[in-house]
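# Structural characterization, general
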Amino acid sequence: MLKHRYLPLTEQDESEMLATIGASSVQELFSDIPEGIRFHGELPVSTRLDEYALTRHLSELAGRNADTDRFASFLGAGLYDHHIPSVIQHVISRSEFYTAYTPYQPEISQGELQAIFEFQSYICELTGLKVANASMYDGATALAEAGNLAAAATKRKQLLVSRAVHPEAREVLATYAHGLNLEIVEVGWSQGVTDREALAAAISKDTAAVLIQNPNFFGSLEDLRAIGEMAHAHGSLLVVSSNPLTLGLLEAPGKLGADIVVGDAQPLGLAPSFGGPTCGFFAVSEAHMRRMPGRIVGQTTDRNGKRGFVLTLQAREQHIRREKATSNICSNQALLALAASVYLSIMGKQGMTEVAELNLQKSHYAKKALTAIHGVSAAFESPFFNEFVLRLPKEADPVRLQKDFLTAGFIGGYDLGRSYPELSGHLLIAVTEKRSKAEIDQFARVLEESICSK
């Protein structure tokens, strides 16, 4: 008989399977593991709990997290606390969307395929490029794939990446490059933006692409047109990792010379979720369309002239002609891409502009309030969007400062010394449309009190 109705494996089933493979017990299946390295005894975990006790226990553990429902967050560094309209959760909770995975059969996947097509269309409009794919795992893998594409398109082996690009994205890029035998050259920064003199000295006929983030990791805005002209003069491509929310105000990167625009759609209605999952986007000029990783959904008509949607350009995917694949990624973040599409749909052009302006205005107010504190100054004077760097007094203790913020109900900024040793004692602050004037003012008071009480 079954001990657990949803785990349909009886003792007889187990015995028959073991007999079929010639094993006397489940333990015998692990006989190739040397006895000396096997764990003996019981693992240091609690005894099994019933459903009610388990729910209480997990709720207590979750309650230890400083989440953005109970704490006002000034932490960005790649994941941001933006408002998520309630309609998004309603739409993505529909079973036809959250159970959909791979729309290989277009005749029964028209809804999912249309949703992906709409996402691609939105990304093209935001980035100013002709073609976008169905999405990537996240912004970091999208950037790494862009480097791969650039190397293949130019038949060059060197990638120049600014050190003002997110440190984790640079690590992912380096991992990809190692397997593809690509050379990564990092270019320094000056006054919070890519050092153009250092870039000019580093770029050469061997450079496949220049990879820039805008706004960059410090929140500063790069001069894309100037950097693009510099890259193109050497036959290199310009790859831009962009925050899509900024494109409600800023000119599309594709219109400023970018050949490839990637980024993370997390600001478009996706929760930070303590680190993910998120959704990457990837757009290219028409010349590079057939080298794009992942999937592309195309619009077509059936024999009766009715509009329909299909997966297109599949020949380069991993599951077909794998030896000729342009990428190992043959999946996409369909559900999260749908959430981003819903966000863009309900916000519209005016809403995108308004929310971008709120981010811009509130962050500039916060910078003014925080730099009014004695001993606190702005590290850079370059233009920024909703994130900026504070230089703290030498006596400030970043660990204690974060504890003081949490005690007061705030999630503080990012300690840049963790990623940039030369920026020890600097704090990266993010201010989104959710932060009120009262919260910003109180955050400033906590910072001042924490510094003065040292």
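Structure shown above.
Here goes a summary of the coordinates provided.

To describe a pair of aromatic rings, you give the distance between the ring centres and the angle between the ring planes. Going through the model one piece at a time under the given rule, you end up with 13 aromatic pairs. Each ring, one from Phe-405 and one from Phe-443, has its centre 4.4 Å from the other, and the planes form 10°; the classification is stacked. Taken together, the positions of Phe-405 in helix α11 (residues 398-407) and Phe-443 in helix α12 (residues 437-452) put the pair 38 residues apart, joining distant regions of the chain. One aromatic cluster is present, formed by Trp-189, Phe-217, Phe-218, Phe-380, Tyr-414 and Tyr-420 through successive ring pairs.

With that out of the way, let us pick up the nonpolar core. If you look at the biggest cluster of nonpolar residues, it comprises 44 residues, and the most contacted ones within it are Val-210 and Leu-268. Mapped onto this core, the elements with two or more residues apiece are α3 (86-92), α5 (110-127), β7 (207-214), α9 (224-233), β8 (237-242), β10 (280-284) and α10 (334-371). Top contributing element to this core by residue count: α10, with 10 residues. Judged by nonpolar contacts, the second largest core, of 29 residues, contains Met-136, Ala-142, Ala-146 and Val-284.

Moving on, we get to the sheet that holds β10. Overall, mixed pairing links the 7 strands, which are arranged β2-β10-β9-β8-β7-β3-β4 in an open sheet. Because the sheet does not close on itself, it has two edges, and the strands there are β2 (131-132) and β4 (183-187). Against the sheet, α5 contacts β2, β9 (260-264) and β10, and its axis sits at roughly 65° relative to β10.

This brings us to the sheet that holds strand β13 (residues 377-378). The antiparallel open sheet is built from 4 strands, whose spatial order is β13-β14-β17-β16. Edge positions in the sheet fall to β13 and β16 (414-415), since each has one partner strand and no second. Of the strand pairs in this sheet, strand β14 (residues 387-391) and strand β17 (residues 426-430) are connected by 5 bridges, and their pairing is antiparallel. Within β17, the residue paired with Val-389 across the bridge is Leu-428. Packing against the sheet, α10 makes contact with β13, β14 and β17, and its axis sits at approximately 5° to β14.

Packed helices, taken two at a time, are described by their axes: the angle between them and the distance between them. Remark: helix α6 (residues 139-154) packs on helix α7 (residues 167-180), axes separated minimally by 8 Å, with the N-to-C direction vectors making an angle of 40°. One finds that α6 runs oblique with respect to α7. When the axes of α6 and α7 are compared, the crossing they make is right-handed. Between α6 and α7, the residues in contact are Ala-140, Thr-141, Leu-143, Ala-144, Glu-145 and Asn-148 and Ala-169, Val-172, Leu-173, Tyr-176 and Leu-180, respectively. Residues that form the contact of α6 with α7 fall into these classes: 8 nonpolar, 2 polar and 1 charged.

Packing of α11 against α12 leaves a shortest axis separation of 10 Å and a crossing angle of 140°. The angle between the axes of α11 and α12 places the two elements in the oblique class. At the point where α11 passes α12, the crossing takes the right-handed sense. On α12, the residues touching Arg-400, Leu-401, Asp-404 and Phe-405 of α11 are Phe-443, Val-446, Leu-447 and Ser-450. Classifying every residue of the contact of α11 with α12 gives 5 nonpolar, 1 polar and 2 charged.

The rules behind these values
- Residues numbered from 1 in each chain as written.
- Predicted model: local features only at pLDDT ≥ 70, side-chain atom pairs only at ≥ 80, totals over all residues.
- Heavy atoms only, no water.
- Phe/Tyr/Trp six-rings, centres within 6.5 Å; stacked < 30°, edge-to-face > 60°.
- Helix = DSSP H or I, 4+ residues; strand = E, 2+ residues; numbered from the N terminus.
- Core = buried A, V, L, I, M, F, W, Y, C linked by side-chain atoms within 4.5 Å.
- Buried < 20%, exposed > 50% of the residue type's maximum accessible area, 1.4 Å probe, protein only.
- Pairing = 2+ DSSP bridges.
- Contact = heavy atoms within 4.5 Å.
- Axes fitted to C-alpha atoms, helices over the stretch in contact; angles between N-to-C directions.
- Parallel < 35°, antiparallel > 145°, perpendicular 65-115°, else oblique.
- Left-handed = near helix turned anticlockwise from the far one by under 90°.
- Nonpolar A, V, L, I, M, F, W, Y, C, P; charged D, E, K, R; others polar.

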